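# An overview of the molecular structure
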Amino acid sequence: MGSKSKIMDFVLEGINQVFDGGVVCDLFSGSGSLAGAIGQQCPVHSNDIQSYSKILADTYNKVYFDKNAPSSSKLIKQAERIVNKNRVDFIEYYSKTMSFNTFNNVENIQKKLLNHKFDYKWHLFSKNYSGTWWSYEQCLWIDAIRQVAEKYKNQVFYPAILSSLMFGMAYASQGTGHYAQYRDAKTQSSFRDILIYRNRSIKDYFVRKFDEIVKYTPESANSIQHSSTTLDYRDCLKGFQGGTVYADPPYCFVHYSRFYHALETLVLYDFPNLQVQRGSVVKGRYREERHQSPFCIKSQVTKAFIELFEGVKNSNSNLVLSYCNTGMISIDEIREISQIIFQDKRIELLTTDHQHMTLGRKEDRTRDVKECLFLIY
Ligand SMILES: C[S@@+](CC[C@H](N)C(=O)[O-])C[C@H]1O[C@@H](n2cnc3c(N)ncnc32)[C@H](O)[C@@H]1O
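Residues numbered from 1 in each chain as written. Predicted model: local features only at pLDDT ≥ 70, side-chain atom pairs only at ≥ 80, totals over all residues.

The next subject is the overall build of the protein chain. Summing up its helical and strand segments, the protein chain has 15 helices and nine strands in all. Here the protein chain holds 377 residues, and 40% of them are scored as buried. Long-range contacts, defined here as pairs at least 24 residues apart, represent 71% of the contacts in the protein chain between residues at least 6 apart. (Helix = DSSP H or I, 4+ residues; strand = E, 2+ residues; numbered from the N terminus. Buried ≥ 20, exposed ≤ 12 C-beta atoms within 10 Å, placed from the backbone. Contact = placed C-beta atoms within 7 Å.)

Shown next as structure tokens:
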């Protein structure tokens, strides 16, 4: 959601215009698309409040596979042993030919694993997410591959294992491209569609992406020094000096931490308390402590931009800011704030037409917007 990969040429046009050497700080790096686009050309510091984003940026720019790195088949063999050991035998499984009613019974049984007491440590997804975005079988594999990844935590290729697992989770998920809500099989057609995803193999998607990463990644370290953090943007700017900041903050009222909480939990694997409402865990099984971005809250967004501009000014950097004409604050208001704070800088505005994903599975999948780039240098 909000990835700039489709308009990367437009973003790079802006960055090229203001860049005068030094590090490019991608202050809200999200999917790491900028790190992927320019990491071979200049040093990038990727920052985002969400930990999964650091993993993605590091996969682009820090990972390399020397002869000691494990192959996908070695990783899968280890995971398979764990899956076979951990599988509980009372659970009901999905089949390609099952009926609507049997399917919904299985879904309910799997969801109840939330109350099951597991007698081994690496069971977070099996417990919290069976019968939601993923089946119990898929969750078993997610937990097992995550457990295997932990063995390689201090190795340079560790982010590639987790990124490949995120890819597998995305392709096997029955949701609509995010983890805010999973679908219920209320009709024959939604049941048939969800069943397709229930029968997908996390293992196969994991292997496919991991092998691709190995193929396109060098065998030795990138000669350019990249870095990454998971800080609030204000704290990140306090530690940055004299480069170019690319800022792509959230545009709308939905919090990334709600849409991608499952990725955050995968990376942190910290057994979070789940959000509770009126005595029950909420349907989306969100982490209780989720980041609430000031850019997504109407009463806080103006101050958030003031603090962004002041932080950039104090860091003696140039700024390229992405925003769109349907955001939480108008383009004119951003221009006015920037003119007050950057009185001695040139301020230019570039625009392009773009389509935002709405992340539904139905007709209204995109919305036409104007993407804007403020260049301040
Ligand atoms: C529009 S997305 C960035 C997309 C990214 N440029 C890409 O191409 O994938 C905005 C990002 O801001 C992050 N974010 C929100 N509030 C933040 C804060 N206070 N500090 C740092 N990052 C924040 C979100 O986690 C999200 O990944």
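Turning our eyes to something else, we now look at the packing of helix α3 (residues 51-61) against helix α13 (residues 261-268). α13 packs onto α3 with a crossing angle of 75° between their chain directions and a minimal axis gap of 7 Å. When the axis of α3 is compared with that of α13, the two are roughly perpendicular. Contacts from Ser-51, Tyr-52 and Ile-55 in α3 reach Leu-263, Glu-264, Val-267 and Leu-268 in α13. Residue composition of the contact of α3 with α13, by class: five nonpolar, one polar and one charged. (Axes fitted to C-alpha atoms, helices over the stretch in contact; angles between N-to-C directions. Parallel < 35°, antiparallel > 145°, perpendicular 65-115°, else oblique. Nonpolar A, V, L, I, M, F, W, Y, C, P; charged D, E, K, R; others polar.)

Here we take up the site of the ligand. Near the ligand there are 20 residues, and of these Gly-2, Phe-28, Gly-30, Ser-31 and Ser-293 occur at the shortest range. Looking at the shell around the ligand residue by residue, the classes come out as seven nonpolar, nine polar and four charged. (Near = placed C-beta within 6 Å.)

Here strand β2 (residues 44-47) shows a buried face lined by Val-44 and Ser-46 and a second buried face lined by His-45 and Asn-47. The pairing of strand β1 (residues 24-26) with β2 spans three bridges and is classified as parallel. Residue Asp-26 lies in a different strand from β2, and its bridge partner there is Ser-46. Once the chain exits β1 it traverses helix α2 (residues 33-38) before rejoining the sheet at β2, and the crossover so formed is right-handed. Summarising the sheet, β2 and strand β3 (residues 227-229) pair through three bridges and their orientation is parallel. Paired with Asn-47 across the bridge in β3 is Thr-229. (Pairing = 2+ DSSP bridges. Right-handed = clockwise from strand over helix to strand, strands pointing away.)

Buried residues dominate strand β7 (residues 318-324), accounting for six of its seven residues. Where strand β4 (residues 244-247) meets β7, four bridges bridge the pair, whose relative direction is parallel. By the bridge assignment for β7, Thr-244 is matched with Asn-318. Here β7 runs beside strand β9 (residues 366-376); their pairing, made up of six bridges, is antiparallel. Counted as the bridge partner of Leu-319 is Ile-376 from β9.

This next bit is on the packing of helix α8 (residues 158-172) against helix α10 (residues 202-216). For the pair α8 and α10, the least separation of the axes is 8 Å and the interaxial angle reads 135°. By the angle class used here, α8 and α10 are oblique. Relative to α10, the crossing made by α8 is right-handed. Across the interface between the two elements, Ala-160, Ile-161, Ser-164, Leu-165, Phe-167, Gly-168, Met-169, Tyr-171 and Ala-172 of α8 pack against Ile-202, Tyr-205, Phe-206, Lys-209, Phe-210 and Ile-213 of α10. Residues of the contact of α8 with α10, tallied by class, amount to twelve nonpolar, two polar and one charged. (Left-handed = near helix turned anticlockwise from the far one by under 90°.)

What follows is about the domain arrangement of the protein chain. Taken domain by domain, the protein chain holds domain 1 (5-54 + 224-268 + 293-376) and domain 2 (72-216). The gap between the C-alpha centroids of domain 1 and domain 2 is 32 Å. At the junction of the two partners, domain 1 supplies 13 residues and domain 2 supplies twelve residues. The set of elements that each furnish at least two residues to the side of domain 1 that touches domain 2 consists of α12 (256-259) and α13. The leading source of residues in the side of domain 1 that touches domain 2 is α13, at six residues. Tallied by class, residues from the side of domain 1 that touches domain 2 come to eight nonpolar, three polar and two charged. (Domains from an automatic or database assignment.)

What follows concerns the nonpolar core. Membership of the largest hydrophobic core comes to 83 residues, with the highest contact counts inside it found for Ile-142, Ile-145, Leu-165 and Tyr-246. Looking at which element gives the most residues to this core, the answer is helix α7 (residues 136-150), with nine residues. Structurally, this core is a two-domain feature, drawing no fewer than three residues from each of domain 1 (5-54 + 224-268 + 293-376) and domain 2 (72-216). In contact with Tyr-246, not counting residues within four places along its chain, are Ile-15, Val-24, Cys-25, Asp-26, Leu-27, Leu-34 and Val-320. (Core = buried A, V, L, I, M, F, W, Y, C linked by C-beta atoms within 7 Å.)

With a phi close to 45°, Tyr-269 is a non-glycine residue in the positive phi region. In this structure, Tyr-269 sits in the loop between α13 and β5 (276-277). Phi is positive for Asn-316, close to 55°, though the residue is something other than glycine. Assignment of secondary structure puts Asn-316 in the loop between α14 (301-314) and β7.

Moving on, we get to helix α4 (residues 72-86). In a regular helix each residue adds 1.5 Å, so 15 residues correspond to 21 Å; α4 covers 21 Å between its end C-alpha atoms and thus fits that length. Inspection of α4 places Leu-75, Ile-76 and Ala-79 among the buried residues, and these make up the whole buried set. All buried residues of α4 project into a common sector of 90° when viewed along the axis, lining one side. Turned more than 90 degrees off the buried face of α4, the exposed positions are Ser-73, Lys-74, Lys-77, Arg-81, Asn-84 and Lys-85. On its buried face, α4 sits against α7, α8 and α10. (Expected span 1.5 Å × (residues − 1). Arc of directions from axis to C-beta.)

With respect to the helices and strands, the residue Lys-370 is situated in strand β9. The spatial distance from the C-alpha of Lys-370 to the C-alpha of Asp-211 is 37 Å, given a sequence separation of 159 residues.

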